[in-house]
Amino acid sequence: MIPVLRGIDLNLAANECVGVLGRNGMGKTTFLRALMGELPPWSGTIEYGGSALTKSTTQERAKAGLGYVPQGKHIFSNLTVAENLKMGCIKDFRNFETTVDEVLELLPRLKELLERKGGSLSGGEQQLLALARCLCGKPNVILLDEPTEGIQPSICDEIVDVLRLLKEKSRISIILVEQDIEFLWALCDRVMAIDKGVFVHVIDPKEAGSEEEAKKFIGIEDN
Amino acid sequence: MKNPVLNISSLVGVIVLAFAIPYFVEAFTVLNFTVYIIMAILSLSLAFVWGMGGIMVLGHSAFFGLGAYAYAIAAVNFGPGWEAVTLSMLVPATFAALLGYFMFYGRISDIYVGVITLAVTLILFNLINSTSGPQYKIGSAPIGGYNGITAVPTLSWPNGNFIDINGMFYLSVGLLILSYLFIRYYLSTRYGKVTVAIRENERRAELLGYNVAQSKLITFSIGGAIAGLAGCMFANWGSFVGPTIFGLVQSAQIIIWVIVGGRGTLIGPILSCIAIQWMTTQLGMQQVVNVGFVLGIVLTIFVLLVPSGLAPLLAKIPNVVRSRLNGKPKEDVALGSPAEEGQT
């Protein structure tokens, strides 16, 4: 067996947004899946708020406060938008109406779609729904896997606005796997470049020329 | 069918129809309809486990058989009372819980769950088949091997009166309605929603923090209990249980009822079960076509041409008619979409 991730060392502070950037097949999604417990690590530890999570199940990690929005949305396509959101209220199911209302205030576009089946929404709307459902679980850390993939720019902007607001007001931390440099730079405090399962470089988006520096890690070279 | 008035009127309609049937048909037909209804309870239980819970069970007859045998053995030992009926549900439910524990907490994939359940029912079939000697007894009840248990004491009304043919029919209809309402209620609760969510996307449900294995175990056990209830009624209906109820044919039939009726609906598998059994009886009266051959064709047609099943197809008709009349397309109805359980 060949290890996919090696030399991964990351500390995530409260209220921080860390981006993970790299070409396809470099281990970005594997990194998030390992954090969520879908792929148990052979070695190393994962700690959250001082407690070890390495041996916790996916369910336990979700309940501890890790919210995951995987690539491909993974909504419940035959449930309505309202039911999808209700299902997200894992922590406080009895007060789901309040939680859903709070989330809908952040993502008002979904208000008009509540009775629609998840599967009948556009790709962008599904992405918003996946994010909203994750927020219904009141996570402390959000793991986002390529949220802009195949999404129209206006919805990408909406996602940026929501995440920025959450970061500012709710002290939520975010790990954002993405190849869209503009999106990453709009949100992240620092960006980790990953190559063949190793974090090879840390980029500070505030530094001048950092975008050009990032491009080489996703295989875009300016001529 | 989200309209409560329509729901209540449909229920009243079914009760009135069921009440009237014995007055208009002969006793033999009532007897046949009774077994159709009992099998519909069995079909409903698989519709819940497989259609709603997404747990592919190929050997669902195991729970049906366990329920029938549990009732028969308890009725011989303790008499045909509520204890025997309770055991007929408790034994298969416990068996399902034990089996489910190893399958779901062991994270066995869907297809292997199906294969294991099939293997289990065949093991039970062979096990019961090989208990024909007089030494194989539970209490005073001989298991009977391939001869089964004959002269099973049947239930009486609470006032002690014997349940006649019509009474057995009414009781079966009542239990079918109760089972249906119970499942509908369960699916409307939080646990029921999780059940459907797991069927929709197991990984996603787990990532949200739901205990997938526990939820599946509950679904599987409830399904086992309802199948056991059907087994209890079957033992009462014929006053006999034999090992063939664990057999492959029985298991295959239940799957066919659910596929034809529509996986993801509750009404569909009930109606298809009754319709297919009626058709089987009618075909059995002639000598021209083999019944199994016709059933095979019916299954093939549904799998190839109507994979979503009968109920979603029928549910789509009003929308199609409405859109034709209005001259504009209505919102698409996802044929066979399991979420239509709320409508059927």
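An unreviewed UniProt entry lists chain B under the name Branched-chain amino acid ABC transporter permease, with Hoeflea poritis given as the organism. Taken verbatim from the UniProt record of chain B, the Subcellular location (unreviewed entry) comment is "Cell membrane".

(A) Structural view of the overall build of chain B. Along the backbone of chain B there are 13 helices and two strands. For 344 residues, the compact-globule estimate of 2.2 N^0.38 gives 20 Å, and chain B sits close to it at 20 Å. Residues classed as buried in chain B amount to 51% of the 344 residues present. In chain B, once contacts between residues fewer than 6 apart in sequence are set aside, the share between residues at least 24 apart is 75%. Carbon and sulfur atoms make up 70% of the accessible area of chain B, which totals about 15,600 Å².

(B) Structural context of the packing of helix 5 (residues 123–136) of chain A against helix 6 (residues 153–170) of chain A. Residues and elements named next belong to chain A. The interhelical angle for the contact between helix 5 and helix 6, taken along N-to-C directions, is 15 degrees, at an axis separation of 10 Å. Between helix 5 and helix 6, the interaxial angle falls into the category roughly parallel. Helix-helix and strand crossings are classified by hand; for helix 5 and helix 6 the assignment is right-handed. Along the contact surface, helix 5 presents Gly124, Glu125, Gln127, Leu128, Leu131 and Leu135, while helix 6 presents Ile155, Glu158, Ile159, Val162, Leu163 and Leu166. When the residues that make up the contact of helix 5 with helix 6 are grouped by side-chain class, the tally is eight nonpolar, two polar and two charged.

(C) Quick look at the environment of A:Ala14. Residues and elements named next belong to chain A. Within the element layout of this structure, alanine 14 appears in the segment before strand 1 (17–21). Considered as a pair, alanine 14 and leucine 121 are 107 residues apart in the sequence and their alpha carbons are 33 Å apart. When sequence neighbours within four positions are dropped, the list of residues in contact with alanine 14 reads Arg171 and Ser173.

(D) Quick peek at the interface of chain A and chain B. Counting residues at the interface gives 27 residues for chain A, matched by 23 residues for chain B. When chain A packs against chain B, close to 2,200 Å² is buried across both sides, 57% of that on carbon and sulfur atoms. In this assembly, chain A and chain B are joined by two salt bridges. A:Glu83 is paired through a salt bridge with B:Lys193; the nearest N and O atoms lie 3.5 Å apart. Between chain A and chain B we count five residue pairs in polar contact (both at pLDDT 80 or more) in total. Mapped onto the side of chain A that touches chain B, the elements with two or more residues apiece are helix 1 (28–36), helix 2 (58–64), strand 4 (66–69) and helix 3 (81–88) of chain A.

(E) Highlighting helix 3 (residues 61–78) of chain B. All names here are of chain B. In a regular helix each residue adds 1.5 Å, so 18 residues correspond to 26 Å; helix 3 covers 25 Å between its end C-alpha atoms and thus fits that length. A large share of helix 3 lies buried, amounting to 15 of its 18 residues. Directly after helix 3, the chain includes glycine 79, whose backbone phi takes a positive value near 95 degrees.

(F) The arrangement of the nonpolar core in detail. B:Leu42, B:Phe48, B:Tyr69, B:Tyr71, B:Phe104, B:Phe220 and B:Leu266 are the most contacted members of the largest nonpolar core, which has 102 residues in total. Tallying contributions element by element places helix 2 (residues 27–52) of chain B first for this core, with 16 residues. Not counting residues within four places of it along the chain, the set of residues in contact with B:Phe220 comprises B:Val49, B:Ile55, B:Val57, B:Phe63, B:Ala96, B:Leu99, B:Gly100, B:Met103, B:Phe104 and B:Thr117. Listed in part, the 47 residues of the second largest apolar core include A:Val100, A:Leu113, A:Val160 and A:Leu166.

(G) Quick peek at the pattern of salt bridges. The tally for this structure, following the rule as stated, stands at 13 salt bridges over all chains. A:Glu212 is paired through a salt bridge with A:Lys215; the nearest N and O atoms lie 3.4 Å apart. Here the residue A:Glu212 and the residue A:Lys215 both occupy positions in helix 8 (residues 210–215), the gap between them amounting to three residues, near one helical turn. A residue is classified by how much of its surface remains accessible, and A:Glu212, at 43% relative accessible area, is partly exposed. Counted as one network, the salt bridges with shared partners bring together A:Arg33, A:Glu38 and B:Arg203.

(H) Geometry of the UniProt feature "transmembrane region" (unreviewed entry) in chain B. All names here are of chain B. The UniProt entry lists residues 5–25, 31–50, 57–78, 84–104, 111–128, 167–187, 208–231 and 291–315 under the feature "transmembrane region" (unreviewed entry), expressed in the numbering used here. Here residues 167–187 runs as 100% helix and 0% strand, with 30 Å between its end C-alpha atoms. Taken as a whole, residues 208–231 contains 88% helix and 0% strand, while its terminal C-alpha atoms sit 37 Å from one another.

(I) Seen up close, the packing of aromatic side chains. What the rule picks out here adds up to 14 aromatic pairs over all chains. Taking 5.3 Å as the distance between ring centres and 65 degrees as the angle between the ring planes, the aromatic pair formed by B:Phe33 and B:Tyr36 counts as edge-to-face. Of the two residues, B:Phe33 and B:Tyr36 are both situated in helix 2; the distance of three residues between them amounts to about one turn of the helix. Ring plane angle 90 degrees and centroid distance 5.3 Å describe the contact between B:Phe63 and B:Phe220, whose orientation is recorded as edge-to-face. A residue pair is termed long-range when its members are at least 10 positions apart, and B:Phe63 in helix 3 and B:Phe220 in helix 9 (residues 212–238) qualify at 157 residues. Accessibility assignment for this pair places B:Phe63 and B:Phe220 in one class, buried. One aromatic cluster is present, built from ring pairs that chain together B:Phe19, B:Tyr23, B:Phe169 and B:Tyr170. It is A:Arg133 that lies over the ring of A:Phe76; its NZ or CZ is 4.7 Å from the centre.

(J) Representation of the pairing of strand 5 (residues 141–145) of chain A in the model. Residues and elements named next belong to chain A. Extensive coverage of strand 5 is indicated by the burial of five of its five residues. A two-sided burial pattern is seen for strand 5, the buried positions comprising Val141, Leu143 and Asp145 on one face and Ile142 and Leu144 on the other. Of the strand pairs in this sheet, strand 4 and strand 5 are connected by four bridges, and their pairing is parallel. Looking at the pairing, valine 69 lines up with leucine 144 of strand 5.

Cut-offs and rules
Residues numbered from 1 in each chain as written. Chains lettered and ligands numbered in written order. Predicted model: local features only at pLDDT ≥ 70, side-chain atom pairs only at ≥ 80, totals over all residues. Heavy atoms only, no water. UniProt positions renumbered as here; feature names shortened; annotations may be inferred. Helix = DSSP H or I, 4+ residues; strand = E, 2+ residues; numbered from the N terminus. Rg over C-alpha atoms; globule rule 2.2 N^0.38 Å. Buried < 20%, exposed > 50% of the residue type's maximum accessible area, 1.4 Å probe, protein only. Contact = heavy atoms within 4.5 Å. Areas by Shrake-Rupley, 256 points an atom, 1.4 Å probe, with all protein chains shown as cover. Axes fitted to C-alpha atoms, helices over the stretch in contact; angles between N-to-C directions. Parallel < 35°, antiparallel > 145°, perpendicular 65-115°, else oblique. Left-handed = near helix turned anticlockwise from the far one by under 90°. Nonpolar A, V, L, I, M, F, W, Y, C, P; charged D, E, K, R; others polar. Buried area = accessible area lost by both parts, 1.4 Å probe. Salt bridge = Lys/Arg side-chain N within 4 Å of Asp/Glu carboxyl O. Polar contact = N/O pair within 3.5 Å; in protein donor to acceptor, adjacent residues only side chain to side chain. Expected span 1.5 Å × (residues − 1). Core = buried A, V, L, I, M, F, W, Y, C linked by side-chain atoms within 4.5 Å. Phe/Tyr/Trp six-rings, centres within 6.5 Å; stacked < 30°, edge-to-face > 60°. Lys NZ or Arg CZ within 6 Å of the ring centre and 35° of its normal. Pairing = 2+ DSSP bridges.

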